[in-house]
Amino acid sequence: MSSENSSTDKPLNLSQRPRRLRRTETLRKMVRETILTVDDLIYPMFVMEGEGQKVEIASMPGCYRFSLDLLIKEIAEVSHLGINAVALFPVISEDDKDDTGTESYNPEGLVQETVKAIKKAVPDIMIITDVALDPFTTHGHDGLVDENGRILNDQTVEVLVKMALSQAEAGADFVAPSDMMDGRIGAIRQALDAEGYINVGILAYSAKYASAYYGPFRDALDSTPKFGDKKTYQMDAANAKEALKEIELDIAEGADIVMVKPALAYLDIIHQVKINTNLPVAAYNVSGEYAMIKAAAQNGWIDEKKVILETLTSMKRAGADLILTYFAKEVALMLM
Ligand code: PBG
């Protein structure tokens, strides 16, 4: 009998001993409140032009920009590992960028062609496409910009609608507006319905903060804004009520899933959103959160696998039903 189980001469008189339920792994599994599974995960992936390309992103070790041929192979593999959905981000060559992001709604653009090819090769995987102009604009902002450098809301929404329609036409299952313009969810929903895409869903980046944690992602896409910052459209990190307002609006406008982004520094927001809505809640474990864990692990300072699982479990415990994470493939392998 283990010493923990044996009584002493004079035990404390305690009516509750929470440690009883932590005594063995079997018991701990029985009373565990949050179980992370592969079904919770959405894999963000980067696609680039060309063939035979698999280029590692310096600030995101283990993440790559894939050309379409290799992306398809990778997606077949992750689908085999049980991952249900991918979120696509394109790396657009400078030649195809302009001030207004016209390439974003090219029916034969990189994203549109990628969606068609995935649908053919791996029909079961859910495809989520990003709706925002930053990968396509020379200035790197998510919207159209006037001569004074201001981001134009309503004019941008018109372009986003074209972009979302072209993605739906290509076969996207969900469109995911990540731009934070006002009214874009409603405008996109109406346009999708009018064109007959009633089953294409909207994963709304509802509470998206102006965050320094997006740095490595902007390296990946070469999409760092050429001037200013994104604070006139993305949210102030200090605000929580505003997140609930954004969520409420997006739901009223027709969102199917709402998202909080980033995740780790915003667990309280995830929690509040979960309590305040009946829709599924997604959280985006963003590039900077990924990079911090990778960097510490590469230095031998943390146990990488354990930290990954603890971090993602914290997001689920906070209320996330779905987690977009660059760790998706690694975690799928760990949970097998
Ligand atoms: C842009 C977009 C960003 C991310 C997803 N979509 C960056 C930004 O807003 O500048 C960040 C994702 C990440 O950091 O992992 N529409």
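Everything below is about the structure printed above this text.
The rules behind each value
- Residues numbered from 1 in each chain as written.
- Predicted model: local features only at pLDDT ≥ 70, side-chain atom pairs only at ≥ 80, totals over all residues.
- Heavy atoms only, no water.
- Patch = residues over 30% accessible without salt bridge, like charges linked within 9 Å, V, L, I, M, F, W, Y side chains within 5 Å.
- Areas by Shrake-Rupley, 256 points an atom, 1.4 Å probe, with all protein chains shown as cover.
- Salt bridge = Lys/Arg side-chain N within 4 Å of Asp/Glu carboxyl O.
- Helix = DSSP H or I, 4+ residues; strand = E, 2+ residues; numbered from the N terminus.
- Buried < 20%, exposed > 50% of the residue type's maximum accessible area, 1.4 Å probe, protein only.
- Contact = heavy atoms within 4.5 Å.
- Phe/Tyr/Trp six-rings, centres within 6.5 Å; stacked < 30°, edge-to-face > 60°.
- Core = buried A, V, L, I, M, F, W, Y, C linked by side-chain atoms within 4.5 Å.
- Axes fitted to C-alpha atoms, helices over the stretch in contact; angles between N-to-C directions.
- Parallel < 35°, antiparallel > 145°, perpendicular 65-115°, else oblique.
- Left-handed = near helix turned anticlockwise from the far one by under 90°.
- Nonpolar A, V, L, I, M, F, W, Y, C, P; charged D, E, K, R; others polar.

Residues Leu21, Met30 and Val31 make up a contiguous nonpolar surface patch of about 300 Å² in total accessible area. Tracing the backbone through its elements, the reader meets Met30 in helix α1 (residues 25–30).

Position of Gln167 relative to the elements: it lies in helix α4 (residues 153–170). Residue classification places Gln167 among the buried positions, given a relative accessible area of 1%.

Our focus in this paragraph is the environment of Val122. Checked against the element boundaries, Val122 lands in the loop between α3 (110–121) and β5 (126–131). Residue classification places Val122 among the buried residues on the basis of a relative accessible area of 9%. Put simply, Val122 and Lys73 are 49 residues apart on the chain and 9.3 Å apart in space, counted from C-alpha to C-alpha. Beyond its immediate stretch of four places on either side in the chain, Val122 contacts Ile72, Ile75, Ala76 and Ser79.

The geometry of two aromatic rings is summed up by the distance between their centres and the angle between their planes. For the structure on display, the rule yields ten aromatic pairs. An angle of 40° between the planes, with centres 6.2 Å apart, marks the rings of Phe46 and Phe89 as tilted. Residue Phe46 is found in strand β1 (residues 41–48), and its partner Phe89 is found in strand β4 (residues 85–91); the two are separated by 43 residues along the sequence. By relative accessible area, Phe46 is classed as buried at 1%. Of the residues examined, Phe89 reaches a relative accessible area of 2% and is grouped as buried. Residues Tyr209 and Tyr266 carry aromatic rings whose centres are separated by 4.3 Å and whose planes lie at 25° to one another, so their mutual orientation is stacked. Of the two residues, Tyr209 sits in the loop between β9 (201–208) and α6 (215–221) while Tyr266 sits in the loop between β10 (257–261) and α8 (267–276), which places them 57 residues apart along the sequence.

On to the pattern of salt bridges. Counted by the stated rule, this structure contains 20 salt bridges. Arg32 is paired through a salt bridge with Glu25; the nearest N and O atoms lie 3.6 Å apart.

Let us now look at the nonpolar core. Counting residues in hydrophobic clusters, the biggest one holds 101 residues, and the most contacted among them are Phe46, Ile118 and Tyr284. Of the residues forming this core, the biggest block, eight residues, is contributed by α4. In this view, Ile118 contacts Leu71, Ile72, Ile75, Leu88, Pro123, Ile125 and Ile127; residues no more than four positions away in its chain are not counted.

The subject of this paragraph is helix α5 (residues 184–194). Considered for burial, the residues of α5 that qualify are Arg184, Ile185, Gly186, Ile188, Arg189, Ala191 and Leu192. In the core, the buried residues of α5 are packed alongside β5, α4, β8 (174–177), β9 and α7 (241–253). Following α5 by one or two positions, Gly196 has its phi on the positive side, about 90°.

At a closest axis distance of 9 Å, the pairing of α4 and α5 adopts a crossing angle of 45°. In terms of orientation, α4 and α5 fall into the oblique class. As for the relative orientation of α4 and α5, their crossing is right-handed in sense. From α4, Val157, Leu160, Val161, Ala164, Leu165 and Ala168 reach across to α5, where they touch Arg184, Ala187, Ile188, Ala191 and Leu192. The residue inventory of the contact of α4 with α5, partitioned by class, reads ten nonpolar, no polar and one charged.

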